[in-house]
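Listed below are the residues making up each chain.
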Amino acid sequence: MANFYETGPAKPVTESVRVDKVTPGARARHNIRAAAVILFAIIGLIPIFIMVVTAFKTRADVVAVPPKVLFQPTLEGFVFLLTERVVLPPAALAEKKQSLEQLDWMERVAMASGQTITGPSDYVRRLWNSVIIAGISTLISVFLGLLAAYAFSRFPIAGKDDLLFFILSTRMLPAVVVTIPLFLMYRQFGLHDTHLGMILLYTAFNLSLAVWLLKGFIDEIPKEYEEAALVDGYSRMQAFRKIVIPQAATGIAATTVFSVIFAWNEYAFALMLTSEEARTAPPSIATMLGRGGIEWSAIAAGSLGFLIPVVIVTFILRKYLLRGVTFGAIRQ
Amino acid sequence: MSSVELRNVSKRFSMVDALSDVSFSIKDGEFFVLLGPTGAGKTTTLRVIAALEKQDAGSVYFDGESADHLQPAERDVAMVFQQYSLYPTMTVWDNLAFPLRSPMRNVPQAEIEKRIADVAEKLRITHLLDRKTARLSGGEMQRVAIGRAIVRQPRIFLMDEPLSNLDAKLREALRVELQHLQKTQGDTTLLVTHDQIEALTMADRIAVLDRGRIIQIGTPAEIYDKPASTFVATLVGTPRINLLPVRRQDGSLFIENSELHIPVPTTVPLPEQLLLGIRPEDVRIAAGGPHAGQISLTEPLGVETIVHIQSGRQTLLSLMSGITNIKVGDGVTFSLFQERLHLFETDGRRIV
């Protein structure tokens, strides 16, 4: 056999197992833990599973008791979600059935329940509102939060602790308490039902979280790195951009996700402060409940669409998040 | 390269005087070492020169011109930090390129590549250039940190305990390397250390610092042979200098709590109570010596042996070359090298 120390292992070493982790007892414990995690994940995923399934069921299948596990999937929910329809009188319906071939698939789906499409619904527009408002408010609050956190972390600021507490205190009031005054203010300033108004509001709310979270992350970066950069011939801002930001990447990612999730899910303010132009997805899905019978499949389809952007953002940032959400507890 | 001068620099941190009235000048091409115990203000001095800290009073001069208004980037100094401070998100190559890519310098790409290749060669880190800095050993990190300093030609190198985080063997090797590098390139260098051996071996001149004050500035020989105070005398030299309280009486110096006495070695008027310092190598065990004592301990180190000689309630350390066959309990006679005695006031100031 060739000398191990010269040639190295025969196969590439891709994993390592601690010697004390291979006994039967340790393995059993590992398996039990794994089973518990899987069980927990399944329980957690059941509502989402029901939502996905419901989105593809017909109206009859949705309300069937016991619930149908096997069913004929249909896009009825999605068509109902994306369109405005009227119920056709029987005569008109019969007439329309004659020219079935000329109808597109959405019309055909609508006609199956005796309706015809009169135009697109505002669901897509409201989802888009959510994307714009959540996206821009997150960008602004993370950007401002980063600068503020850096200043708080590195410079002697008079009354620093009081200021930090003051920033945190903006989160202490429950949303319902401030909605009425905000509503009156927004109406006065013409911010009611505008994108700008919602972006300002969410930025203000997220900024305190961003400052506090990011300050923690920046505190952990030794200031010697920036000092080295200063001596190497860079200005404060250049050092911040080239040295601090790359090291704060996990913190920035975690803050971004938290901000996006807050702005995306926010319901109370959006319900009170928007009506048509800037209405976001959460209140509009809720109002679907009240329109001529409960369209469960449409609601499920709407919720599904609502879920996707958050999943995308979290997925993109996941490699930073794993370390980020532990708040640097496992640093080195 | 430049000369650097500090004039009457003082710096206070909330309650402590980190530096009080510190003045010294470093000549162009000189290897200058700041030596002192922890908390003496060595690092603060470096940071003031680099403008990472603003002094409360006094001035810093580069080549005779005040540098007080210059930002860290404009001072054009290179610093090696104690914790290395290599940029963790970059490779070794990018770390070395970082100072050259500064918008203040605008070094062309070809020149950057050439200089990094040169430096990597010099420090034997060429094989590490593509690595992330977190994947380096302590010695390798230290080399890269030094490389990042010497890749450009700054006015002065500031080194903050660059060897203190390394194990003894590596420290010795890098010490020699550092000295060689400085001598061949003729760089003005200010090194901070608490290790007297580093100071003695590398420095052209040493400044001894204690609690924010300069105690003595001089060549290693002056510091060792003419310590300005008992503080300097005990800080420099291993084994430590023998410091004994003595009483002057009738032209003799009597060492307290012992039988030992010697003739007054100088014509300078002496106070009645004083401290006598004598380095272990100047305590010579020899047959027929004028003083007698008993061996209380021997510490053989191979090259030399430290022998503890007891006389009365005083113990003197003596240094003998090689390993000796003297045993604990043996009675010996010894002499004190009369020309190399150090006399201090009881408050520690040197008398002669």
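This one's a predicted model, so the numbers in the text were calculated from it and none came from an experiment.

1. As for the overall build of chain A
Counting its secondary structure elements, chain A contains 17 helices and 2 strands. Here chain A, with 332 residues, has 39% of them falling under the buried criterion. Residue pairs at least 24 apart in sequence account for 75% of intrachain contacts in chain A once pairs closer than 6 positions are excluded. Carbon and sulfur atoms make up 70% of the accessible area of chain A, which amounts to about 19,600 Å² in all. Charge separation in chain A, taken as the distance between the mean sites of 30 positive and 24 negative side-chain charges, equals 6 Å.

2. Some points on the sheet that holds strand β6 (residues 78-80) of chain B
Across a sheet, paired strands are connected by hydrogen bonds in the backbone, their directions being either parallel or antiparallel. Residue and element names in this part refer to chain B. Strand order in this open sheet of 6 strands is β6-β7-β8-β3-β9-β10, and the pairing throughout is mixed. Each edge of the open sheet carries a strand with a single partner, namely β6 and β10 (213-218). Direction aside, neighbouring strands of the sheet carry axes that sit 15° apart on average. Where strand β3 (residues 31-35) lies against strand β8 (residues 189-193), 5 bridges are found, and the strand directions are parallel.

3. Focus: the domain arrangement of chain B
Residue and element names in this part refer to chain B. Here chain B is described as being made up of domain 1 (4-235) and domain 2 (242-344). Residue-level contacts link 7 residues of domain 1 with 7 residues of domain 2. The junction of domain 1 with domain 2 conceals about 650 Å² of combined surface from both sides, 57% of it contributed by carbon and sulfur atoms. On the domain 1 side of the contact with domain 2, Tyr224, Asp225 and Thr230 bury the most area, a combined 64% of that side's loss. Our count for the domain 1 to domain 2 interface comes out at 1 salt bridge.

4. Regarding the packing of aromatic side chains
Residues and elements named next belong to chain A. Throughout the structure, instances matching the rule amount to 10 aromatic pairs over all chains. Look at Phe205 and Phe262: their rings are 5.9 Å apart centre to centre, the planes differ by 5°, and that puts the pair in the stacked class. On the criterion of sequence distance, the pair formed by Phe205 in helix α10 (residues 195-219) and Phe262 in helix α13 (residues 249-265) is long-range, its members being 57 residues apart. For Phe262, a relative accessible area of 23% puts it in the partly exposed group. Three or more aromatic residues link up through ring pairs in this structure, and these residues are Tyr202, Phe205, Phe262 and Phe269. Geometry around Phe262 places Arg171 over its ring, the cationic atom sitting 5.8 Å from the centre.

5. Comments concerning the domain arrangement of chain A
For chain A, the assigned domains read domain 1 (22-55), domain 2 (59-121) and domain 3 (124-324). Distance between the C-alpha centres of domain 1 of chain A and domain 2 of chain A: 38 Å.

6. Some words on the interface of chain A and chain B
Reports often express the size of an interface as the amount of accessible area lost when the parts come together. Between chain A and chain B, the residue contacts involve 15 residues of the former and 24 residues of the latter. When chain A packs against chain B, close to 1,600 Å² is buried across both sides, 64% of that on carbon and sulfur atoms. Of all residues in chain A, Val231(A), Asp232(A) and Tyr234(A) bury the most surface against chain B, accounting for 38% of the area lost on that side. Between the two partners, chain A and chain B, sit 3 salt bridges. Note that Asp232(A) and Arg152(B) form a salt bridge whose closest N and O atoms lie 3.7 Å from each other. Taken together, the connections running from chain A to chain B amount to 11 residue pairs in polar contact (both at pLDDT 80 or more). Secondary-structure elements contributing two or more residues to the side of chain A that touches chain B are α11 (224-231) and α12 (236-247) of chain A. With 7 residues, α11(A) is the single largest residue contributor to the side of chain A that touches chain B. Counted by class, the side of chain A that touches chain B contains 8 nonpolar, 3 polar and 4 charged residues.

7. Regarding the sheet that holds strand β5 (residues 65-66) of chain B
All names here are of chain B. Taking strand neighbours across the sheet as the criterion, the 4 strands line up as β2-β1-β4-β5 in an open arrangement whose pairing is antiparallel. Strands with a single pairing partner mark the edges of an open sheet, and in this sheet they are β2 (16-26) and β5. Sheet topology note: the strand β1 (residues 4-13)/β2 ladder contains 7 bridges and is antiparallel. Along β2, the bridge assignment pairs Glu5 with Ser25.

8. Description of α12(A)
Taking 1.5 Å per residue as the helical rise, α12(A) with its 12 residues ought to reach 16 Å, and the 16 Å between its terminal C-alpha atoms agrees with that figure. Of the surrounding secondary structure, the elements contacted by the buried residues of α12(A) are α7 (123-154), α10, α11 and α13 of chain A.

9. Some points on the pairing of β8(B)
Residue and element names in this part refer to chain B. With 5 of 5 residues buried, β8 is to be regarded as a mostly interior element. Going residue by residue along β8, you find Thr189, Leu191 and Thr193 tucked away on one face and Leu190 and Val192 tucked away on the opposite face as well. Where strand β7 (residues 157-160) meets β8, 4 bridges bridge the pair, whose relative direction is parallel. In the sheet register, Asp160 faces β8, and the bridge partner there is Val192. Tracing the backbone out of β7, into helix α6 (residues 168-185) and back to the parallel element β8 gives a crossover that is right-handed.

Reading the values: rules and limits
- Residues numbered from 1 in each chain as written.
- Chains lettered and ligands numbered in written order.
- Predicted model: local features only at pLDDT ≥ 70, side-chain atom pairs only at ≥ 80, totals over all residues.
- Heavy atoms only, no water.
- Helix = DSSP H or I, 4+ residues; strand = E, 2+ residues; numbered from the N terminus.
- Buried < 20%, exposed > 50% of the residue type's maximum accessible area, 1.4 Å probe, protein only.
- Contact = heavy atoms within 4.5 Å.
- Areas by Shrake-Rupley, 256 points an atom, 1.4 Å probe, with all protein chains shown as cover.
- Lys, Arg positive; Asp, Glu negative; His and termini not counted.
- Charge placed at Lys NZ, Arg CZ, Asp CG, Glu CD.
- Pairing = 2+ DSSP bridges.
- Axes fitted to C-alpha atoms, helices over the stretch in contact; angles between N-to-C directions.
- Domains from an automatic or database assignment.
- Buried area = accessible area lost by both parts, 1.4 Å probe.
- Salt bridge = Lys/Arg side-chain N within 4 Å of Asp/Glu carboxyl O.
- Phe/Tyr/Trp six-rings, centres within 6.5 Å; stacked < 30°, edge-to-face > 60°.
- Lys NZ or Arg CZ within 6 Å of the ring centre and 35° of its normal.
- Polar contact = N/O pair within 3.5 Å; in protein donor to acceptor, adjacent residues only side chain to side chain.
- Nonpolar A, V, L, I, M, F, W, Y, C, P; charged D, E, K, R; others polar.
- Expected span 1.5 Å × (residues − 1).
- Right-handed = clockwise from strand over helix to strand, strands pointing away.

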